[in-house]
2 protein chains.
Amino acid sequence: MNYIWKLTFGTPENTTPCSLFGGQMDSPALASLPQVEENPLDAEGIVFRRTARGCTLTIPVEESEAFFGTGLQLKSVNQTGLKKHLRVNSDPVADTGDSHAPVPFYVSSRGYGVYVDTARYASFYFASHTTQALSGPSPARKVADNTEELYAASQLSGKRHVLIDIPAATGVELYVFGGPDMLSAVQRYNLFSGGGVLPPLWGLGMWYRSYTRAKAEDVQRQAAMIREDHMPCDVFGLEPGWQTHAYSCTYRWNTEGFPDPQGLLDFFNAAGFRVNLWEHIFVDGDSPLYEPLLPYAGDYRVWNGLVPDYSLPQAAKLYTAYHKAELVDRGVSGFKLDECDGSDFIHTPWTFPEASEFPSGLDGEQMHCLLGTLYMRANQEAFEEGGRRTYGAVRSAGALAAPYPYVLYSDLYDIHDYIRGMVVAGYSGLLWTPEVRQCASEEELIRRLQAVVFSPLAQIDAWMIPNPPWLQYDEGKNHAGVFLEDRERLTGICRRLFELRMSLIPYLYAAFYAYKTTGKPPFRALPLDFPDDVQVRDIEDSYMVGDSLLFVPVFPGQERRKAYLPGDGWYDYFTGEHYAGGQSYEWDTADNRMLLFVREGSLLPIAEPVEFVRPDTVFSLRMVRFGHADAACSLIEDDGESLAYREGALNRIAVEWKEGAEPSVRKEGGYAGQRYAIREFVTID
Amino acid sequence: MNYIWKLTFGTPENTTPCSLFGGQMDSPALASLPQVEENPLDAEGIVFRRTARGCTLTIPVEESEAFFGTGLQLKSVNQTGLKKHLRVNSDPVADTGDSHAPVPFYVSSRGYGVYVDTARYASFYFASHTTQALSGPSPARKVADNTEELYAASQLSGKRHVLIDIPAATGVELYVFGGPDMLSAVQRYNLFSGGGVLPPLWGLGMWYRSYTRAKAEDVQRQAAMIREDHMPCDVFGLEPGWQTHAYSCTYRWNTEGFPDPQGLLDFFNAAGFRVNLWEHIFVDGDSPLYEPLLPYAGDYRVWNGLVPDYSLPQAAKLYTAYHKAELVDRGVSGFKLDECDGSDFIHTPWTFPEASEFPSGLDGEQMHCLLGTLYMRANQEAFEEGGRRTYGAVRSAGALAAPYPYVLYSDLYDIHDYIRGMVVAGYSGLLWTPEVRQCASEEELIRRLQAVVFSPLAQIDAWMIPNPPWLQYDEGKNHAGVFLEDRERLTGICRRLFELRMSLIPYLYAAFYAYKTTGKPPFRALPLDFPDDVQVRDIEDSYMVGDSLLFVPVFPGQERRKAYLPGDGWYDYFTGEHYAGGQSYEWDTADNRMLLFVREGSLLPIAEPVEFVRPDTVFSLRMVRFGHADAACSLIEDDGESLAYREGALNRIAVEWKEGAEPSVRKEGGYAGQRYAIREFVTID
């Protein structure tokens, strides 16, 4: 039974994330996770109520329990004592639960996860409110006229609980994921979702998105300059201007600015760039997809475009077939799927109402909860059908989204929010990038770049500026073509950061492979690795990158940085200095000093940086052991971009270095090529 | 039929604002309003849908229509093109519809009002979203299996509309209020609600709330100082410290700090102060009301206190009887009813969940929509039963709240939000005060005071500072007892502002009497008075005070102030300078210059300021005519504090001054006393 318990209350709705995206209680991968004694939840103690408003679940919890999750929450990392109303919104400004990617899943510090299978704006109260009769006798209340109510009243009185309030539904299915620890519960949820993402190798390189008004000659010039300056870059992104009309989208090349699309794609691919195209989901009247999708659209328009109902296989197939034939097969590597969230509360609201109706029978509220994932699925399929992997960006996701190779981003651009996003996303099967744009200062640019290279998608998003920010970070001057006087110095700083990213590709690739096969998030909050240390629960400004690295971002203006290091011991990645765990330290962070720590006992593969990943790239590795204890790591070797790995064309390379022995390297698997050459083994102590 | 149309869709909920607070379609006062030709709404064109989520109404509107209302909205004044989700929330931070006092009522520039009788968090889309088929043919959609759906689809296609999305309900009643202009529609809504508020005369004087930790000797010392310094003050407010326990409330005097409550009340009343007491609605275990209210409380606690269900007459009677006997009859003049809103999305959320259950059958969402008004009603009743008027403050209100003598306020303290509150409140039967607290600068204190004296309740709320802000506006220094060196100068400036307020009491009293009897809001946005001038629709920083005054607040840091003056002509209240209407002007606002304009053709009663209103106060009036046209005004004369006016003990004094004739004064009514002595008539031109 894989330690996932499904509980059904009342009559659940027909359309839920599980109904559309599956929910694999019997995934073979689940067998690798630890055993659990019994359902960690007091299932008998759960109170279910149907109301005029929908239904509620009240789940008794213990005094000491803490709660994490609910998707991308940019204003809080520890949900204990808080309420979250999970409403899809691209412009959240407070800690309400409004989010690009709310997810009705949470994990408890007691070591279990709870997923509520709903496509509604559910509210979660994490022991934030108190029922009657905590002190004093239970009050006399209206006479219950059925046993359910009597039971409910006696169960609830004064107990600490999680309240889940689900609108509209007359019932719901609840999935409980055993741990025994939080990380295992999250892994179980991710495997239930279908497993995490294995991006193509090139997806882990550097990304650059160009100015939205750039034309073909502009982007070619920029691409050439990137190569001339030896700035590592694997992916070059085109913003809305590539289309004849965006807002809403035609998905057709604008041949005025881009007279030879195939030539342009060929140029990029020949220069080792993968091309990523911006689009959103709303279909313009001038799109070839408009007429075909008309019967499958909702009753409201957005930016005068159709809102296609991609929960209908016929509609999704139209989208997939067009994208495969016209874009993917011609050399596009991936997409940036914008504005699948919606923003109702700004100066000019856009998106469809929650009361919209869709041909499948979905209403607007449900569609908002599902749209991002439906969109990712239809888009990914254009690659799957050709046997290729993709990696891209998306502005909305939801439940069960772990298997989709898209990384969340936002226009909000508050750096503290962005780092919180890095901390929380991994609790709920999400990936997030704090992408870098123009900046107010050199320091801000560098600090943001430091963070983005320690994210799932290391993207410079220059869509608002015509020139790369390392030439000029100021938006106005960038537009005016006024470059920094000492731009070579800043370019050098940025290049070294990009190279740092490139040197970690083998390490990150293995971490993502673990995400795919075991559900372990490659980027994650400290409580997942240090569940017994209550001091890490509220840390909102540092996070794990894989199993060995702890990244402590420094914020602009922070001349000194204080941080807590959990666990046993750590080494400064750059200086090799050793720190005992379980303590807080403060560092002088002048001169843009970065703080990156390697867990004691790690064996870290550090690659000679390449400028971009070629099909035949062989990474030259330095295997660095931190401390003298037995250390091991995995490397994943395959073609890095096709789906052949699913059929066994992949090697797992186990590198071990035991104290007092020579390092050993064991390879197993069915991939015939070679991706890694180990140059040396060294020990830091 | 009074030009109010009631439309019923589906099966409305049992509990709505109308079910609890009435809704007087046959109020005799309605007869005084202008006639209307026909229902201004295309009632046949309204599409009603029931959905799993609740129900929706789609109301066709014209291209040019603009929409105002939805209660207290601190982030926008013109709702056209926006969506508002009317959720009760004491900490709104964006223009979402979250509000202390959302009201499901709006007025259209076409001259009608629409009230949706619901106690749900309804969403209103004011022509903000576009249905399918605005351009191009109507798409093929799922085959409708009933005529309602077919009809709905054809009706909606491409039309501009207001969409109202009501959760949980299977039906709703809609009330349409004829105009023919917006102001008449608002008046009709207010009279339908029961008419506006007539405060006691003293309520229109100055208010001072003291430090929350002040004890009896502190407040007595402050009160004495206020009188010594001749700072006008009618009402002295005590904050939570008067109770043995607040958060939650005992409603019992804390005899440690206040050893002789009756003596204290007598002291204040003898010194001409009315005493106002802070409280909130949550009943502490140590309150005499706890045990009696236990059977009438909801299933959740707030601050460990009961949430009483005052929709039950038995519960409300317990509250009323206690307050009357223990507080009102002993000399308390009114209350500040705090925290009847709720805040779910802050660091420590408080309030009951929307899924709460109450003994009456109300759920938490409904109770949130009704709580403020239920609380006001129970509180007011403690005065009504003794034949007295009250005037107080409240943190939440909702639909049909116009008759309750309480003024909304907030802790948010952004001065632009506060002025927006002054602009919008009058659209929806609400009163609002931008109360003044500590400030960052002398200029801020003065600018805020200028605005608060042109509000329904001119309150200095010093609950966070132990000394009056005119001695020290800085919070830290105020606590340290460090007063301004030139405090006499600032005290003098403040005194003159207070005196300005006192001089307008007769004018304001007449405006409130019109609110009571004709529903005309005493403070209102310019579109209500100038409905044909599209330039005033988005003005969020000036408003009418009665029929004659246009107040243009100047914000801290504004060295010059630009403003548009609508209508025909205006006079600067202070300089007498004349301005043609229909133009924008810019003024030098150095030296805290105020901008207050008197409408050309007004006859304004300006009183010699008193320090406070006594039962026998006779206001010495200067009647000032602005311009030479025929001018008239009303004065309302009664005892100013009892309910005897309802039985006819009130005089209407009609003052007329026709061009080329002597002024005339005609008095009619059954009040035997005298409240006004006209000292002189003067003309400004």
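Residues numbered from 1 in each chain as written. Chains lettered and ligands numbered in written order. Predicted model: local features only at pLDDT ≥ 70, side-chain atom pairs only at ≥ 80, totals over all residues. Heavy atoms only, no water.

## A word on the overall build of chain A
Working step 1: The secondary structure content of chain A amounts to 14 helices and 33 strands.
Working step 2: The principal-axis extent of the C-alpha atoms belonging to chain A is close to 80 × 70 × 50 Å.
Working step 3: Within chain A, the fraction of its 685 residues that count as buried is 65%.
Working step 4: Surface exposure of chain A reaches about 22,300 Å², of which carbon and sulfur atoms provide 48%.
Working step 5: Charge centroids of chain A, computed over 60 positive and 91 negative side chains, lie 1 Å from each other. (Helix = DSSP H or I, 4+ residues; strand = E, 2+ residues; numbered from the N terminus. Buried < 20%, exposed > 50% of the residue type's maximum accessible area, 1.4 Å probe, protein only. Areas by Shrake-Rupley, 256 points an atom, 1.4 Å probe, with all protein chains shown as cover. Lys, Arg positive; Asp, Glu negative; His and termini not counted. Charge placed at Lys NZ, Arg CZ, Asp CG, Glu CD.)

## Here's the deal with the sheet that holds strand E20 (residues 523-524) of chain B
Residue and element names in this part refer to chain B.
Working step 1: In space, the six strands of this open sheet follow the order E20-E21-E22-E27-E24-E25, with antiparallel pairing throughout. Two strands close off the open sheet at either side, each with one partner strand: E20 and strand E25 (578-580).
Working step 2: Bridging between strand E22 (residues 549-552) and strand E27 (residues 595-599) involves four bridges; their strand directions are antiparallel. Pairing of Leu 549 across the sheet is with Val 598, part of E27. (Pairing = 2+ DSSP bridges.)

## Quick word on the relation of the copies chain B and chain A
Working step 1: If you rotate chain B by 180° and push it 0.0 Å along the axis, it lands on chain A with an RMSD of 0.0 Å. In symmetry terms, the pair is related by a two-fold rotation axis. (Least-squares fit on C-alpha atoms with pLDDT ≥ 70 in both.)

## What to know about the packing of aromatic side chains
Two measures describe an aromatic ring pair: the distance that separates the ring centres and the angle between the ring planes.
Residues and elements named next belong to chain A.
Working step 1: Inspection of the entire model under this criterion finds 110 aromatic pairs over all chains.
Working step 2: Ring plane angle 85° and centroid distance 5.8 Å describe the contact between Phe 177 and Tyr 189, whose orientation is recorded as edge-to-face. One end of the pair, Phe 177, is in strand E11 (residues 170-178); the other, Tyr 189, is in helix H3 (residues 182-193), and 12 residues separate them in sequence. Considered together, Phe 177 and Tyr 189 belong to a single accessibility category, that of buried residues. (Phe/Tyr/Trp six-rings, centres within 6.5 Å; stacked < 30°, edge-to-face > 60°.)

## Some points on the state of the cysteines
Residues and elements named next belong to chain A.
Working step 1: For the coordinates displayed, the defined rule picks out zero disulfides over all chains.
Working step 2: Cys 249 takes part in no disulfide bond, and the closest cysteine sulfur to it belongs to Cys 340, at a distance of 11 Å.
Working step 3: Residue Cys 369 stays outside any disulfide, its sulfur separated by 13 Å from that of Cys 340, the closest cysteine. (Disulfide = S-S within 2.5 Å.)

## So, the sheet that holds strand E33 (residues 676-684) of chain B
All names here are of chain B.
Working step 1: Spatially, the three strands line up as an open sheet ordered E28-E29-E33, and their pairing is mixed. In this open sheet, the two edge strands, each paired with only one partner strand, are strand E28 (603-607) and E33. On average, each strand axis in the sheet is inclined to that of its neighbour by 25°, with strand direction left out of account.
Working step 2: Two strands pair when backbone bridges link them, and E28 and strand E29 (residues 619-626) are joined in this way by five bridges, in the antiparallel orientation. If you follow Leu 603 over to E29, its bridge partner there is Arg 625. (Axes fitted to C-alpha atoms, helices over the stretch in contact; angles between N-to-C directions.)

## Some words on the interface of chain B and chain A
Working step 1: On the chain A side, the residues contacting the 56 residues of chain B number 56 residues.
Working step 2: Taken together, the two surfaces of chain B and chain A that pack against each other cover about 5,000 Å², and 50% of this comes from carbon and sulfur.
Working step 3: Viewed at the interface, chain A and chain B are joined by 10 salt bridges.
Working step 4: A salt bridge links Lys 83 of chain B to Glu 354 of chain A; the shortest N-O distance between them is 2.7 Å.
Working step 5: Viewed at the interface, chain A and chain B are joined by 18 residue pairs in polar contact (both at pLDDT 80 or more).
Working step 6: Mapped by element, the contributors of at least two residues to the side of chain B that touches chain A are strand E5 (83-85), strand E9 (130-131), strand E10 (161-167) and strand E15 (300-301) of chain B.
Working step 7: The element best represented in the side of chain B that touches chain A is E10 of chain B, accounting for three residues.
Working step 8: Across the side of chain B that touches chain A, the residue classes tally to 25 nonpolar, 15 polar and 16 charged.
Working step 9: The pairing of strand E15 (residues 300-301) of chain A with E9 of chain B spans two bridges and is antiparallel. Note on E9 of chain B: the bridge partner recorded for Tyr 300 of chain A is Thr 131 of chain B. (Contact = heavy atoms within 4.5 Å. Buried area = accessible area lost by both parts, 1.4 Å probe. Salt bridge = Lys/Arg side-chain N within 4 Å of Asp/Glu carboxyl O. Polar contact = N/O pair within 3.5 Å; in protein donor to acceptor, adjacent residues only side chain to side chain. Nonpolar A, V, L, I, M, F, W, Y, C, P; charged D, E, K, R; others polar.)

## Concerning the environment of Ser 664 of chain A
Residue and element names in this part refer to chain A.
Working step 1: If you trace the backbone, Ser 664 turns up in strand E32 (residues 664-669).
Working step 2: The exposure class assigned to Ser 664 is partly exposed, which follows from its relative accessible area of 26%.
Working step 3: With 10 residues separating them in the primary sequence, Ser 664 and Ala 654 have C-alpha atoms 7.9 Å apart.
Working step 4: Not counting chain neighbours up to four residues away, the residues in contact with Ser 664 comprise Ala 654, Val 655 and Glu 656.

## Brief notes about the packing of helix H7 (residues 313-328) of chain A against helix H8 (residues 364-384) of chain A
All names here are of chain A.
Working step 1: Where H7 meets H8, the axes come as close as 8 Å, and the angle between the chain directions of the two elements is 45°. One way to sum up the angle between H7 and H8 is to call them oblique. For the pair H7 and H8, the crossing hand works out as right-handed. Only Tyr 375, Ala 378, Asn 379, Glu 381, Ala 382 and Phe 383 of H8 make contact with H7, whose side of the interface consists of Ala 316, Tyr 319, Thr 320, His 323, Lys 324 and Val 328. (Parallel < 35°, antiparallel > 145°, perpendicular 65-115°, else oblique. Left-handed = near helix turned anticlockwise from the far one by under 90°.)

## So, the side chain of Asn 379 of chain B
Working step 1: For Asn 379 of chain B, the position within the fold is in helix H8 (residues 364-384).
Working step 2: Residues within four places of Asn 379 of chain B in sequence aside, it is in contact with Glu 279, Tyr 319, His 323, Phe 335, Leu 337 and Tyr 406 of chain B.

## Some details on the pattern of salt bridges
Working step 1: All chains considered together, the criterion is met by 96 salt bridges over all chains.
Working step 2: Asp 218 of chain A serves as the salt-bridge partner of Arg 221 of chain A, at 3.2 Å between the closest nitrogen and oxygen. Residue Arg 221 of chain A and its partner Asp 218 of chain A are both found in helix H4 (residues 216-228); the two are separated by three residues, about one turn of the helix.
Working step 3: Between Arg 110 of chain B and Glu 62 of chain B there is a salt bridge, with its nearest N and O atoms 3.6 Å apart. With Arg 110 of chain B in the loop between strand E6 (102-108) and strand E7 (112-116) and Glu 62 of chain B in the loop between strand E3 (54-60) and strand E4 (67-71), the pair connects residues that are 48 residues apart, well separated along the chain.
Working step 4: For Glu 62 of chain B, a relative accessible area of 41% translates into the label partly exposed.
Working step 5: Through salt bridges that share partners, Arg 209, Glu 239, Lys 336, Asp 338, Asp 341, Arg 395, Asp 411, Glu 435, Arg 437 and Asp 461 of chain A make up one connected network.

## Let's talk about the pairing of strand E3 (residues 54-60) of chain A
All names here are of chain A.
Working step 1: Within E3, seven of the seven residues are buried, which leaves the element mostly enclosed by the surrounding structure.
Working step 2: Of the pairings in the sheet, the one linking strand E2 (residues 47-51) to E3 comprises five bridges and is antiparallel in character. Counterpart to Arg 50 in the pairing with E3 is Cys 55.
Working step 3: Turn length for the E2-E3 hairpin, with the two strands adjacent in sequence and antiparallel, is two residues.
Working step 4: Here E3 runs beside strand E10 (residues 161-167); their pairing, made up of seven bridges, is antiparallel.

## Re the environment of Lys 324 of chain B
All names here are of chain B.
Working step 1: Assignment of secondary structure puts Lys 324 in helix H7 (residues 313-328).
Working step 2: Sequence separation between Lys 324 and Asn 269 is 55 residues; the distance between their C-alpha atoms is 17 Å.
Working step 3: Among all residues touching Lys 324, those that are not within four sequence positions of it are Asp 329, Ala 382, Glu 385 and Gly 386.

## Some remarks on the pairing of strand E28 (residues 603-607) of chain A
Working step 1: E28 of chain A sits mainly inside the fold: five of its five residues count as buried.
Working step 2: Across the two faces of E28 of chain A the burial is the same, with Leu 603, Pro 605 and Ala 607 of chain A and Leu 604 and Ile 606 of chain A all buried.

## Description of unusual backbone geometry
All names here are of chain A.
Working step 1: Residue Pro 180 is reached from Gly 179 by a cis peptide bond, and omega for that bond is 15°.
Working step 2: Along the chain, Pro 180 turns up in the loop between E11 and H3.
Working step 3: A positive phi angle, near 70°, is found at Thr 70, a position not held by glycine.
Working step 4: Positive phi values are uncommon outside glycine, yet Ala 127 reaches one of about 50°.

## Re the confidence of the model for chain A
The predicted structure's coordinates, where accompanied by low pLDDT, should not be read in detail.
Working step 1: Summing up the model confidence of chain A, the mean pLDDT is 94 and the portion of residues at 70 or higher is 96%.
Working step 2: We note a pTM of 0.94 for the whole complex and an ipTM of 0.93 for its interfaces. (pLDDT = per-residue confidence, 0-100.)

## So, helix H12 (residues 487-503) of chain A
Helical periodicity: at 3.6 residues per turn, an α-helix aligns residues three or four positions apart in one direction.
Residues and elements named next belong to chain A.
Working step 1: With 17 residues, H12 should reach 24 Å at 1.5 Å per residue; the first-to-last C-alpha distance of 24 Å fits that figure.
Working step 2: Those residues of H12 lying buried are Leu 490, Thr 491, Gly 492, Ile 493, Cys 494, Leu 497, Phe 498, Leu 500, Arg 501, Met 502 and Ser 503.
Working step 3: Looking at the buried residues of H12, the elements they touch are strand E12 (206-209), helix H10 (442-452), strand E19 (458-461), helix H13 (505-518) and E28. (Expected span 1.5 Å × (residues − 1).)

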